[in-house]
Amino acid sequence: MGNRGMEELIPLVNRLQDALSGVGQSCSLNLPQIAVVGGQSAGKSSVLENFVGRDFLPRGSGIVTRRPLILQLLSANAEYGEFFHCKGKKFTDFEEICKEIEAETRRVTGSNKGISPVPINLRIHSPHVLNLTLVDLPGITKVPVGDQPADIEYQIRDMIMQYICKDNCLILAVTPANMDLANSDALKLAKDVDPQGQRTIGVITKLDLMDEGTNARDILENRLLPLRRGYIGVVNRSQKDIDGKKDIQAALLAEKKFFLSHPAYKHMSESMGTPYLQRILNQQLTNHIRETLPAFRSHLQDQLLSLNKEAEECRQYSPDDPARRTKILLKLVQRLAVDFEKFIEGSGDKVDTVNLSGGARINRIFHERFPYELLKITSDERKLRREINYAIKNIHGVRTGLFTPDLAFEAIVKKQISLLKGPCIQFVDMVSQELITTVYQCINKLSSFPKLQEETERIVTTEIRELESKCREQVLLLIDTQLAYINTKHEDFIGFTAAQQTYNQSNKKNAAAIAGNHVIRKGWLTISNIGIMKGGPREYWFILSAESLSWFRDDEEKEKKYMLPLDNLKLRDVEKGFMSSKFVFAIFNTELRNVYKDYKCLELACDSQEELDSWKASLLQAGVYPEKVTVEDQGNGAPENFTDPQLERQVETIRSLVDSYMSIISKTIKDLMPKTIMHLMINSVKEFISSELLAQLYALGECSALMDESPGQQQHREEVLRKHAALKEALTVIGKFSASTCTIPLPPPVDSSWIQPSSPTLPKNSVSSGKAVARGHAPSAPRVPTHAHTAPPSNDGLHRFAGQPHRAPPSVPRRHPPAIPNVK
């Protein structure tokens, strides 16, 4: 069984669990779950009680064990029990333990015969036990009784599978000797999850109840119906003995006498009986712990090293020290300034690869959103020509003008410049909102000090609003400056002479000819308005050039699907669908022609608002403008239908002049606006946070109150210190232990094909539908591939299947049916 050091292994793990459980740390030694599996009345409870030497498990007819019982047996001088749900309470009366198990079972499952996978944790200290951890599972049943659910068989099977499918679970397959072993449900379930038999031990009970003249010698000698780990026979108390309160110690003596005196078993009496079974299980536990202890020690050391600095800071922290409070306040404000600057200017550390934030979002406003809003102003050609027409006529009055009036040009230009105020103010608002959002992201790191966070947020937000107001005034001043003087001598202005020699349409053609097929944008878009009968929405690779919009099957650009000329195209917004996560816009022909095949418009979808805005800006650059809803003037006729050639020439001339001058203004505004906002808002906010914020916080006169911690921060600091102390204690416990132990090799494989795995599956009309179900065998678990076991056997008992540190703790089973882990 190993040396004294080996015997101390399981208490060592229990001490580690005690040290780490109080701080929410799991002892990831993956202590094997020795699951006791068998049918009802197979003798599972008697086996466990024989281990303890006491009557403490509920008994009765039908299904009694309705929740898993995780039983820790610890060798100690005193004899008592402890429940995990009754911390600090010691049960010295084992009848009270039995009543507590019944009460705790009813608390979760009710008074009916239903079951629950939530375990009951019981730890028993006794001088009569070896160190073991076992899981008593509900007995396998076939027929529901009373008000049990119709699928009780499948519920029990799923619960058992949640435990025994884990590679670090040793399976005690309990089968009574007076039943056909080849039909044992326990062995069938074990075969499903452990086809090589590496972790299955057969336990044969009720050997004393076999018919006279029969025995189980061939089975116990592992010659008939063999298992790799063989069988161990035990003799439990009969129901008459239990009712008569026969002492378990007397029953164990009777069991020993039975094996020594029985002619079929006396030659192997030393490897039979409850004490021998205890020693075998204890040996498997200690072997596993010995194998996993070095890795666990390394894991604890890594955790301790990562926690040392924070724990030292927590120990040195004195919440009532004014000097320390001031120092922390200074550090927090400095860190806020650094974080804000990183968000705005960009940084290589902790890069967000999912969303745009801070300066990147402001950059998108600078170069995509704002130019898009400016272009929308001049996109309604029909309305602009009508305004020029009315301006010329109103300036001439009753007279017929011979020359193009420059006052009409100035009036139209000033109106167009005035329209820039809206987008410019909106531009300031968008940048201001992004600055506030960025500040919130930075200030969230002050959540440990709620009052400091609140005051900092108020002060910085107020400053941003004040700077926003100043910036608006400056922006309006820029627009008013442009309105104050129309500079027709600007070097880029075409002038009246040049305007009279060309028309807007020819200019567009020349510009297109110069641009050629210059690619403006590429990217994925989904054509969303194709009907299901024609294939449904499809994603294509789109290429936008100065003359056309083309799409291909993929981004290799080999298989072109269609090329759409941009002539007479406009775009409009499409409302987002109720269940859709896409952002959609539509392209249509102003002459009501089909855009694509028999579709009047082409609805294109992208994944984000940013992508949508970027495509709109690119289409504007290519000359595809947004749709404008124009109101027809009543009684004014249709001014765009010119009958006077001279008036038409004047309108075209002024239109060219306006276009030329507004191009100059737009370039100026697009250049000056980002500079103005950068200077008056963004740089000023950075300067305020780094230079003025601390002074304003001090000016509040409540510096001490600002640094009052939140309850969560106090709790976090206490948890850090507790966790650090627990890790040190755990490493101290491990350091005092010597792991120089011996192991027992795994027996060689045997032919276990005689065990037929369960194969039927759950009926379709399960209990969840509220209908009765046909009874049958429980469904089988997925088979573990046999090729996974081609490696040579290990030298120790559980080394082949134990030690999966990423698995869930055995005391918390999953509710859903488990998958069978591959054995590696």
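Reading the values: rules and limits
Sequence order as written defines the numbering, with residues in each chain counted from 1. For a predicted model such as this one, the threshold for reporting local features is a pLDDT of at least 70, and the threshold for listing and counting side-chain atom pairs is 80 or more; totals across whole chains, interfaces and linings nevertheless cover every residue. Side-chain numbers here rest on the full set of heavy atoms in the structure, without hydrogens or water. Numbering of helices and strands starts at the N terminus; helices are DSSP runs of H or I of at least 4 residues and strands are runs of E of at least 2. Partly exposed residues are those whose accessible area sits between 20% and 50% of the maximum for their type, while under 20% is buried and over 50% is exposed, using a 1.4 Å probe and protein chains only. Working definition of accessibility: Shrake-Rupley area with a 1.4 Å probe, residue cover restricted to the visible protein chains. Given a helix with a known number of residues, its expected span is that number minus one, times 1.5 Å. Here a cavity denotes grid points, spaced 1 Å and computed from the protein atoms alone, that fit a 1.4 Å probe unable to get out, and a pocket denotes an open set having protein on both sides within 12 Å along at least 5 of 7 lines; residues with an atom within 4 Å of a point are the lining. Grid points are joined across faces, edges and corners, and a volume is the space filled by probe spheres set on the points. Charged means Asp, Glu, Lys or Arg here, nonpolar means Ala, Val, Leu, Ile, Met, Phe, Trp, Tyr, Cys or Pro, and polar covers whatever is left, Gly included. In plain words, nonpolar cores are sets of buried Ala, Val, Leu, Ile, Met, Phe, Trp, Tyr and Cys residues tied together by side-chain atoms within 4.5 Å. We call two residues in contact when some of their heavy atoms are within 4.5 Å. For two strands to be treated as a pair, DSSP must find no fewer than two bridges joining them. Helix axes are fitted to C-alpha atoms over the stretch in contact, other axes to C-alpha atoms as well, and angles between N-to-C directions run from 0 to 180 degrees. We call two directions roughly parallel when the angle between them is under 35 degrees, roughly antiparallel when it is over 145, roughly perpendicular when it lies between 65 and 115, and oblique otherwise. Handedness of a crossing follows from how the near helix is turned relative to the far one, being left-handed for an anticlockwise turn of less than a right angle and right-handed for a clockwise one. Any Lys or Arg side-chain nitrogen located within 4 Å of an Asp or Glu carboxyl oxygen qualifies as a salt bridge. Pairing of aromatic rings covers Phe, Tyr and Trp, the last counted by its six-membered ring, and requires centre-to-centre distances within 6.5 Å; plane angles under 30 degrees mean stacked, over 60 mean edge-to-face, and any other angle means tilted. For every residue, the predictor reports its confidence as pLDDT, a number between 0 and 100. N or O atoms within 3.5 Å of each other form a polar contact, as long as, within protein, one can give a hydrogen and the other can take it, and as long as residues adjacent in sequence are counted only when both atoms are side-chain atoms. Working definition: the arc comes from the directions between the helix axis and the C-beta atoms, pointing outward to the latter. Looking down the strands as they point away from you, a crossover is right-handed if its path from the first strand over the helix to the second goes clockwise.

> Pulling in residues and values, what's your account of the overall build of the protein?
The number of helices and strands found in the protein is 22 helices and 16 strands. Among the 824 residues that make up the protein, the fraction classed as buried is 48%. Only carbon and sulfur atoms are counted for the fraction: they give 51% of the accessible area of the protein, which is about 41,200 Å².

> An account of helix H11 (residues 322–345) is needed here, citing residue identities and associated values.
For H11, built from 24 residues, the straight-helix expectation of 34 Å at 1.5 Å per residue is met to within 8% by its first-to-last C-alpha distance of 35 Å. Downstream of H11 by one or two residues, glycine 346 has phi in the positive range, about 90°.

> Quick rundown of empty space enclosed by the protein? Include the residues and the values.
For the structure on display, the rule yields 2 cavities of 30 Å³ or more. The volume enclosed by the largest cavity comes to roughly 60 Å³. If you go around the largest cavity, the residues you meet are Leu187, Ala190, Lys191, Asp194, Pro195, Gln196, Gly197, Thr200, Leu227, Ser752 and Ile755. The element best represented in the lining of the largest cavity is helix H6 (residues 185–193), accounting for 3 residues. By residue class, the composition of the lining of the largest cavity is 5 nonpolar, 4 polar and 2 charged.

> How would you sum up the nonpolar core? Please name residues and give values.
Soluble globular proteins tend to bury their nonpolar side chains together. The biggest cluster of nonpolar side chains holds 70 residues, and the ones touching the most others in it are Leu435 and Ile677. Contributing elements (two or more residues each) for this core: H11, helix H12 (359–377), helix H13 (381–396), helix H14 (406–418), helix H15 (421–443), helix H16 (450–484), helix H20 (645–699) and helix H21 (703–706). For this core, the element with the most residues is H20, which contributes 19 residues. Excluding residues that lie within four positions of it along the chain, leucine 435 makes contacts with Phe340, Ile344, Ile362, Ile464, Met681, Ile682 and Val685. One finds Ile115, Val135, Ile140 and Met272 within the second-largest nonpolar core, a separate group that totals 43 residues.

> Lay out the pairing of strand E10 (residues 538–545) with the relevant residues and their values.
In terms of burial, E10 is a largely internal element, 6 of the 8 residues being buried. Relative to E10, strand E9 (residues 519–527) runs antiparallel, the two being bridged by 8 bridges. Note that in E10 the partner of glycine 523 across the bridge is phenylalanine 542. One ladder, built from 4 bridges, connects E10 with strand E11 (residues 548–552); its direction is antiparallel. Across the sheet, phenylalanine 542 pairs through a bridge with tryptophan 551, a residue of E11. Hairpin connection between E10 and E11: a loop of 2 residues separates the two successive antiparallel strands.

> Please set out the packing of helix H5 (residues 152–164) against H6 residue by residue, giving values where relevant.
It is the contact of H5 with H6, at a shortest axis distance of 11 Å, that shows an interaxial angle of 50°. When the interaxial angle is binned, H5 and H6 end up oblique. Crossing of H5 against H6: the hand is right-handed. For the pair H5 and H6, contact is made by Arg157, Ile160, Met161 and Ile164 and by Leu189, Asp192 and Val193, respectively.

> I'd like to hear about the pattern of salt bridges, residue by residue, with values.
Inspection of the entire model under this criterion finds 28 salt bridges. Here glutamate 221 makes a salt bridge to arginine 217, at a shortest N to O gap of 3.1 Å. A relative accessible area of 25% places glutamate 221 in the partly exposed class. Aspartate 218 serves as the salt-bridge partner of arginine 223, at 2.7 Å between the closest nitrogen and oxygen. Residue classification places arginine 223 among the exposed positions, given a relative accessible area of 54%. Given a relative accessible area of 37%, aspartate 218 falls into the partly exposed group. Each of Arg217, Asp218, Glu221 and Arg223 takes part in salt bridges that share partners, so that together they form one network.

> Outline the sheet that holds E11, supporting the account with residue identities and numerical values.
Read from one edge to the other, the open sheet built from 8 strands follows the order E12-E11-E10-E9-E15-E14-E13-E16, with strand pairing classed as mixed. Each having just a single partner strand, strand E12 (560–565) and strand E16 (625–626) make up the two edges of the open sheet. Bridge count between E11 and E12: 5 bridges; the pairing is antiparallel. Within E12, the position partnered with tryptophan 551 by the bridge is tyrosine 562. Running over the sheet, helix H19 (residues 609–621) touches E9, E10, strand E13 (569–574), strand E14 (583–589), strand E15 (601–606) and E16 and is turned about 130° from E9.

> Give a description of the packing of aromatic side chains that names residues and reports values.
Enumeration over the complete set of coordinates arrives at 15 aromatic pairs. Ring geometry for phenylalanine 493 and tyrosine 661: centres 5.7 Å apart, planes at 85°, overall edge-to-face. Here tyrosine 661 lies in helix H20 and phenylalanine 493 lies in the loop between H16 and helix H17 (495–500), a separation of 168 residues in the sequence. Here a set of aromatic residues connected by ring pairs shows up, and it is made of Phe542, Trp551, Tyr562, Tyr596 and Tyr599.

> Tell me about the environment of methionine 673, residues and numbers included.
Of note, methionine 673 is situated in helix H20. Each C-alpha atom, one on methionine 673 and one on valine 475, is 7.3 Å from the other, the two residues being 198 residues apart in sequence.

> Can you break down the confidence of the model for the protein residue by residue, with the values?
Taken residue by residue, the protein gives an average pLDDT of 76. The fraction at 70 or more is 78%. Confidence drops under pLDDT 50 across residues 1–6; counting only partners more than four residues distant or on other chains, this segment forms 15 contacts. This model gives residues 629–643 a pLDDT under 50, and the stretch forms 14 contacts once residues within four places in sequence are excluded.

> Give a description of the side chain of threonine 105 that names residues and reports values.
Structurally, threonine 105 is set in helix H4 (residues 94–109). The buried category is assigned to threonine 105, whose relative accessible area is 6%.

> Please give an account of unusual backbone geometry that cites residues and values.
Backbone phi values are negative for most residues with the exception of glycine, while trans is the configuration of most peptide bonds. If you check the backbone angles, asparagine 222 has positive phi at about 65° while not being a glycine. Locating asparagine 222 in the fold gives a position in the loop between helix H7 (217–220) and strand E8 (231–233). One non-glycine residue, lysine 597, adopts positive backbone phi at about 55°. The topology assignment puts lysine 597 in the loop between E14 and E15.

> Give a detailed account of the environment of histidine 85, specifying residues and quantitative values.
Here histidine 85 lies in the loop between strand E3 (80–83) and H4. Residue histidine 85 is classed as partly exposed on the basis of its relative accessible area, which comes to 33%. Sequence-wise, histidine 85 and isoleucine 120 are 35 residues apart; in three dimensions their C-alpha atoms are separated by 8.0 Å. Beyond its immediate stretch of four places on either side in the chain, histidine 85 contacts Glu100, Glu104 and Ile120. A polar atom in the side chain of histidine 85 sits 2.8 Å from the side chain of glutamate 100.

> Could you give an account of helix H9 (residues 248–261), with specific residues and numbers?
An ideal rise of 1.5 Å per residue puts 20 Å on 14 residues; H9 measures up with 20 Å between its terminal C-alpha atoms. Among all positions of H9, only Ile248, Ala251, Leu252, Glu255, Phe258 and Phe259 are buried. Buried residues of H9 fall within an arc of 115° about the axis and therefore sit on the same side. Facing away from the buried surface of H9 by more than 90 degrees, the exposed residues are Leu253, Lys256, Lys257 and Ser261.

> Could you give an account of the pairing of strand E7 (residues 200–205), with specific residues and numbers?
Burial analysis of E7 places 6 of its 6 residues in the buried class, the great majority of the element. By the bridge criterion, 6 bridges tie strand E6 (residues 169–176) to E7 in an arrangement that is parallel. Across the sheet, residue alanine 173 finds its bridge partner in E7, namely glycine 202. One crossover worth recording links E6 to the parallel E7 by way of H6, and it is right-handed. Where E7 lies against E8, 3 bridges are found, and the strand directions are parallel.

> Summarise the packing of H12 against H15; cite the residues concerned and give the values.
Where H12 contacts H15, the axes come no closer than 10 Å and their chain directions differ by 160°. Between H12 and H15, the angle is such that the two are roughly antiparallel. Crossing angle aside, the handedness with which H12 passes H15 is right-handed. Only Pro423, Cys424, Gln426, Phe427, Met430, Val431, Glu434 and Leu435 of H15 make contact with H12, whose side of the interface consists of Arg361, Ile362, Ile365, Phe366, Arg369, Phe370, Glu373, Leu374 and Ile377. Split by residue class, the contact of H12 with H15 holds 12 nonpolar, 1 polar and 4 charged.

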